[in-house]
Structure formats: C-alpha cells, structure tokens
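# Understanding the architecture of this molecule
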Amino acid sequence: QVQLVESGGRLVQAGGSLRLSCAGSGRAFTHYNMAWFRQAPGKEREFVAQIVFSGGSPDYADSVKGRFSISRNNAKNLLYLQMNSLKPVDTAVYYCAAQSRYKLEIIHPSAYEYWGQGTQVTVSS
C-alpha cells in the first residue's frame, strides 16, 4: 500500500505557473505508475498526466499537452506536476493517483488503486 498527500494548490492568475507535489509513504514508489487527475465542480474526474514507474514515457491529456509536465523522484517518493500558462478552465481539485506498475490502462480513474485527498487549484481570469 501507498499513502498519497498532495500539496501546492492555490489561487493563481491566468498565464501563471504552479507546481504541485504528491508525497508518498508506505510502499516504495517504484512499484507504481503515477498519475494526476483533476475534477472541476459538476464534472467527472479527468485524466491529466501519467508517468510510469521508471520515470519514462509520460502521457498527457490533449488539453494540457505543451503546458504541463509530470515528473517523479523515486528516491524521495515524490511526484510533481509543473503547470505553466494556466487558464481558468484548469480550475479544479487535482489528485495524484497510483496504480500497479504492471497495469496498461492509464486514462480511467478506475485503473488506479490509491488516491490522495486532492489540492485545489483556482485560476482567475
């Protein structure tokens, strides 16, 4: 098992940047592929980005490609999401999630076994 805690969310103006962090405890991060999801009010939770256990092959939702960057530090059990050129539509609660490194499905929330409590990101226009 792994426990996840996100941090870094806050209010930011459109065009600004934020870096979210997700700290893991328990089982080593190298056992898991890691991802970021987000959920805006009244909407379903949606995939943002994923990075495999080794740190390679990041995948991104089309809506954030070129603006967001996912990375991880396995030695410190940390996951990051660097968000640049933020837009009001990026406003949401952001969650980190972990799945077994052997899984192939990355988009659907049901593919992830462990979740953090979320951190609020608000982008003002």
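Only a predicted model underlies this, so the values are computations on that prediction, with no experimental measurement involved. Counting restarts for each chain, with residues numbered from 1 along the sequence as it is written. With the structure being a predicted model, the display of local features is reserved for residues of pLDDT at least 70 and the display and counting of side-chain atom pairs for 80 or more, all residues being used for whole-chain, interface and lining totals. The basis for the side-chain values is all heavy atoms of the structure; hydrogens and waters are excluded.

### Looking at the state of the cysteines
- Whenever a pair of cysteine sulfur atoms sits within 2.5 Å, that pair is classed as a disulfide. If you walk through the whole model with that rule in mind, you get one disulfide.
- Here Cys-22 is linked by a disulfide to Cys-96, with a sulfur-sulfur distance of 2.0 Å. Here Cys-22 and Cys-96 share a disulfide; its torsion about the S-S bond, 50 degrees, makes the bridge right-handed. Here Cys-22, found in strand 3 (residues 18-26), pairs with Cys-96, found in strand 9 (residues 92-100); they are 74 residues apart in sequence, far enough to count as distant. Secondary structure elements are defined from DSSP: runs of H or I of at least 4 residues count as helices, runs of E of at least 2 residues count as strands, and each element is numbered from the N terminus.

### Comments concerning the pairing of strand 5 (residues 46-51)
- When you tally the buried positions in strand 5, you get five out of six residues, the bulk of the element.
- We treat two strands as partners when DSSP finds at least two bridges between them. As paired strands, strand 4 (residues 32-39) and strand 5 are joined by five bridges and run antiparallel to one another. Bridged to Met-34 within strand 5 is Ile-51.
- From the end of strand 4 to the start of strand 5, which pair antiparallel, there are six residues, and Gly-42 there has a positive phi angle of about 75 degrees.
- Across two bridges, strand 5 lies against strand 6 (residues 59-60) in antiparallel orientation. Bridging across to strand 6, Gln-50 finds its partner in Asp-59. Per-residue accessibility, obtained with a 1.4 Å probe over protein chains only, is compared with the maximum for each type, and a residue is labelled buried under 20%, exposed over 50%, and partly exposed between these values.

The values are spatial; any link to function lies outside them.
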